[in-house]
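Fold and geometry: a report
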Amino acid sequence: MGRRKWKIKKHDKELAAELSESCGLDALTALLLVTRGITTAEEAQAFLSREAELIDPFELRDMDRAVERITQAVDSGEQIVVYGDYDADGVTASTVLYSYLSMIGAQVSVYIPEREAEGFGLHREAIDAIAAQGATLIVTVDNGIAAVEEAAYAGSVGVDLVVTDHHLPGDTLPRAYAVVDPMRQDNLCAYRGWCGVGVAFKLICALEGSDGADLLDEYADIVTIGTIADVMELRGENRMIVRRGLEQINAGVRRPGVQALLECAGMGDKEIGATDIAFAIAPRINAAGRMGSAKKAFELLMCDDPDQARELAASVNHDNAVRSEIQRKMVLQAREQLAGRAAFDRVLVVAAEGWHQGIIGIVAAKLAEEYGKPCFAVSIDGQSAKGSARSAGVLSIYDALCACSDVLDQYGGHAGAGGFSLRADRIGELRERLNAYAAGHGAGEPVMEIDCCLRPAFLQLPIVDAVKVLEPFGTGNPQPVFGMLKVQIDRIVPLGKNRNHQRITFSRDGAVFTAMFFHREADSFEFRQGDLADVAFTLDKSTYNGVERLELHIKDMRHCDEQQDDTRRGIDLYEKYMRGEKLTREDATYAPASREAAVLIFAFLKKAGAWHCGAAELSYRICCARQYRGITSGTVLMALEAMAESGVVVESGGCISLSDKKEKSDLFRSPVFQAIGAAGKDGDTDET
């Protein structure tokens, strides 16, 4: 039931035409720029320019003090420890700073905590171990802004601390020698878009005493990987750095570790874009930290020997494969939990003993996308539990966590994602509180934004070149999504070992084209040959046997008719009842108790044998049939529930089918029809 509402962007075609003429741009390129709010020739030239000035690193507060203390340590031969993090941003940040300090002759080592054993950020045990090694200076990367107590402890054992981070500071800053964080409100710099590796890069620029243009030649590829992996906005300086980094990766001799990772992903000879970094490189680096030690990924990026790099990459790739299999099993377990009433909650909460804590965030993200609802995934370990949440774009995770702070032991995050811990026996209470909060704060439906709609005649290779002018794509500059309306599905071919990818052939206006819909299981795929559909897709091109061809990758599909609003309303009503909420007279008027709808459901299931695509899609199929016009989606869904309550149909493992029950049932005695009847009577009483 994770349908997304489509929002097709409006265009000022005259403005786009002016931009196209003044800048010498392809008409489609100009139109896409306008949809991104870039409307003048000056803005377009700045956005598309491959040359831009880097921001002065000393505009960041405390950068001068950070340089002073690190320079002192380098000059006097002090032991310096770069204290990183176990995700791709932290690993790349550690790589950049360690590499530079080594190059200038510093006595430096790296400490990256293990996710499972130590958790995120500075902690006392690590500080003790570092002090015991004789280190007198810790420089954090991608962490430290919240380490108020740990900073004080480091000082008490004779270790100075320089914090570099990009997360939001709390009310109190750590008592460190320097705290460099673009999110500090007292920065002189208006730009705040750097991630951890971006801040580390600004630090080495300051240490070098330059704006960093020369250092980009050495580090742009690594900064690019961390920036894309941490889903930072690709505007301003980030955009320029990522563009330069991608050019480096594609220009010639790649860093051995990067080349080895690409070979593991089957992309050793491929031109690499931002999407490839996000879906091939970043997950493998992250997998090292999720499944074992992120130090292995750090060593891979630092490696100069191609053979050793391949060995390390193979190990990291194995970690990623193991991660993928564990994730698949956890998602299946979570779906089983959501097979009942829990799936109808406004906020989904899934929990299990022993779930891998390094993977629950990915599980939450997948379920949030699949169901179109915020999802909180929780790993239970005895009496304690840790969780990760993703928003699906319909609710601020951080605000929701704040509203439930008295239930939690710790929490943090932002609008799109967050992490938390609590006692295991309070998970049920958290579920109730989150759903109560969502009920009062408008948890809406996810949106699929369409840049513009195309006619089949436009699907030619040159269109890809017009789109690629806007690269690199990422947060703040997403890959354009196109729509094509009222196309006929001519053929559906399941692909993949688990039949979880669909190759679909469409036709319209005499034109025939093929597109791929990845990660959609064949058994639960709701579209059939002959259906008319609206398709949202991205464009790319590939080369096969020396021949370039256009590729369409489907992001979303919907049946095209006038029933979209009715379907959404029916689902909302169905979920309202399944949550146990009281129905109103308006609900009863929209979806009255209907024996006719039950007869139609019975006939449909008797002919189909079984239905694997969910209650909402079944109602949609029935309502769209020409002979059944006038019956609402809500009527069908409520009749289906009445049949389930009366034992006429059974739902198991996502499959809806008729039961073996022989005796007749009075559906009007079912709880749902009773609730509809009561709602209608209550409404009449209220009006008299």
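Reading the values: the criteria
Residues numbered from 1 in each chain as written. Predicted model: local features only at pLDDT ≥ 70, side-chain atom pairs only at ≥ 80, totals over all residues. Heavy atoms only, no water. Core = buried A, V, L, I, M, F, W, Y, C linked by side-chain atoms within 4.5 Å. Buried < 20%, exposed > 50% of the residue type's maximum accessible area, 1.4 Å probe, protein only. Contact = heavy atoms within 4.5 Å. Pairing = 2+ DSSP bridges. Helix = DSSP H or I, 4+ residues; strand = E, 2+ residues; numbered from the N terminus. Axes fitted to C-alpha atoms, helices over the stretch in contact; angles between N-to-C directions. Left-handed = near helix turned anticlockwise from the far one by under 90°. Nonpolar A, V, L, I, M, F, W, Y, C, P; charged D, E, K, R; others polar. Expected span 1.5 Å × (residues − 1). Arc of directions from axis to C-beta. 1 Å grid on protein atoms, 1.4 Å probe; cavity = no way out; pocket = protein on both sides within 12 Å on 5 of 7 lines; lining within 4 Å. Points joined across faces, edges and corners; volume = space filled by probe spheres on them. Polar contact = N/O pair within 3.5 Å; in protein donor to acceptor, adjacent residues only side chain to side chain. pLDDT = per-residue confidence, 0-100. Phe/Tyr/Trp six-rings, centres within 6.5 Å; stacked < 30°, edge-to-face > 60°. Lys NZ or Arg CZ within 6 Å of the ring centre and 35° of its normal.

**Concerning the nonpolar core**
- Counting 81 residues, the largest nonpolar core has Ile80, Leu101, Phe201 and Ile285 as its most contacted members.
- When residues no more than four places from it in sequence are discounted, the contact partners of leucine 101 are Ile70, Val74, Ile80, Val82, Ala106, Val108 and Leu207.

**Quick word on the sheet that holds strand β10 (residues 410–413)**
- The strand order across the open sheet built from five strands is β7-β8-β9-β11-β10, with neighbouring strands paired in mixed fashion. Only two strands of the sheet have a single neighbouring strand rather than two, namely β7 (348–353) and β10. Geometrically, the sheet is characterised by an average inter-axis angle of 15° between neighbouring strands, direction not taken into account.
- Direction of pairing for β7 relative to strand β8 (residues 375–381): parallel, over a ladder of six bridges. Along β8, the bridge assignment pairs valine 349 with phenylalanine 376.

**Focus: the sheet that holds strand β6 (residues 178–180)**
- Taken together, the five strands give an open sheet; going across it, the order is β3-β2-β4-β5-β6, and neighbouring strands pair in parallel fashion. In this open sheet, the two strands that pair with only one neighbour each are β3 (107–111) and β6. Across the sheet, the mean angle separating the axes of adjacent strands is 20° when strand polarity is ignored.
- Pairing analysis gives five bridges linking strand β4 (residues 135–141) to strand β5 (residues 160–164), with the strands arranged parallel. Note that in β5 the partner of threonine 140 across the bridge is valine 163.
- Helix-sheet contacts for helix α5 (residues 88–103) involve β2 (79–83), β3 and β4, and the interaxial angle to β3 is about 170°.

**Overview of the packing of helix α19 (residues 564–578) against helix α23 (residues 633–645)**
- α23 packs onto α19 with a crossing angle of 35° between their chain directions and a minimal axis gap of 7 Å. The handedness of the crossing between α19 and α23 comes out as right-handed. Of α23, the residues touching α19 (which contributes Asp566, Thr567, Gly570, Ile571, Leu573, Tyr574, Tyr577 and Met578) are Ser633, Gly634, Leu637, Met638, Glu641 and Glu645.
- The class makeup of the residues in the contact of α19 with α23 is seven nonpolar, four polar and three charged.

**Overview of helix α17 (residues 427–440)**
- Helix length check: α17 (14 residues) gives 20 Å between terminal C-alpha atoms against 20 Å at 1.5 Å per residue, within 8%.
- Looking only at α17, the buried set comprises Ile427, Leu430, Leu434, Asn435, Tyr437 and Ala438. Each buried residue of α17 lies within a common arc of 160° when the element is viewed along its axis, so the set occupies one face. When the buried face of α17 is taken as reference, the exposed residues oriented beyond 90 degrees from it are Glu432, Ala436 and Gly440.

**A closer look at the layout of surface pockets**
- Its volume calculated, the second largest pocket comes out at about 480 Å³.
- Taken together, 19 residues form the lining of the second largest pocket, with Leu28, Leu31, Cys452, Leu454 and Phe458 sitting closest to its centre.
- The set of elements that each furnish at least two residues to the lining of the second largest pocket consists of α1 (13–23), α2 (27–35), β13 (452–453) and α18 (462–468).
- Residue contributions to the lining of the second largest pocket peak at four residues, all from α1.
- Of the residues contributing to the lining of the second largest pocket, the split by class is 13 nonpolar, three polar and three charged.

**Comments concerning the environment of arginine 61**
- Locating arginine 61 in the fold gives a position in the loop between α3 (41–48) and α4 (63–76).
- The sequence separation of arginine 61 and aspartate 181 amounts to 120 residues, and the corresponding C-alpha distance is 7.5 Å.
- Ignoring anything within four residues of it in the chain, the contact list for arginine 61 reads Val179, Val180, Arg184, Asp186, Asn187 and Leu188.
- Of the polar contacts made by the side chain of arginine 61, one reaches the backbone oxygen of aspartate 186; its length is 2.8 Å.

**Details of the environment of glutamate 208**
- Tracing the sequence through the fold places glutamate 208 in helix α8 (residues 196–208).
- Given the relative accessible area of 36%, glutamate 208 is considered partly exposed.
- Along the backbone, glutamate 208 and valine 67 are 141 residues apart, and their C-alpha atoms lie at a distance of 9.3 Å.
- Other than its neighbours up to four places away in sequence, glutamate 208 contacts Tyr100, Asp214 and Leu215.

**Comments concerning unusual backbone geometry**
- Note that the residue after glutamate 471, namely proline 472, is joined by a cis bond; omega there is 5°.
- In this structure, proline 472 sits in the loop between α18 and β14 (482–495).
- Although it is not a glycine, aspartate 142 sits at a positive phi angle of roughly 65°.
- In this structure, valine 231 is a non-glycine residue whose phi angle is positive, near 55°.
- For valine 231, the location among the structural elements is in the loop between α9 (213–229) and α10 (236–251).
- With a relative accessible area of 55%, valine 231 lands in the exposed category.

**Some remarks on the confidence of the model for the chain**
- Averaged over all residues, the pLDDT of the chain equals 90, while 97% of them reach at least 70.
- This stretch, residues 684–688, has a pLDDT under 50; its non-local contacts, to residues over four places away or in other chains, come to two contacts.

**A few points about the packing of aromatic side chains**
- Enumeration according to the criterion identifies twelve aromatic pairs in this entry.
- Here the aromatic rings of tyrosine 83 and tyrosine 111 are separated by 5.2 Å at their centres, their planes lie at 15°, and the arrangement is stacked. With a gap of 28 residues between them, tyrosine 83 in strand β2 and tyrosine 111 in strand β3 connect regions that are remote in the sequence.
- Members of the aromatic cluster, each reached through a chain of ring pairs, are Phe517, Phe525 and Phe527.
- In this structure, arginine 65 is placed above the aromatic ring of tyrosine 177, and the distance from its NZ or CZ to the ring centre is 4.3 Å.
- Positioned above the aromatic ring of phenylalanine 47 is the side chain of arginine 239, whose terminal nitrogen or guanidinium carbon lies 3.7 Å from the ring centre.

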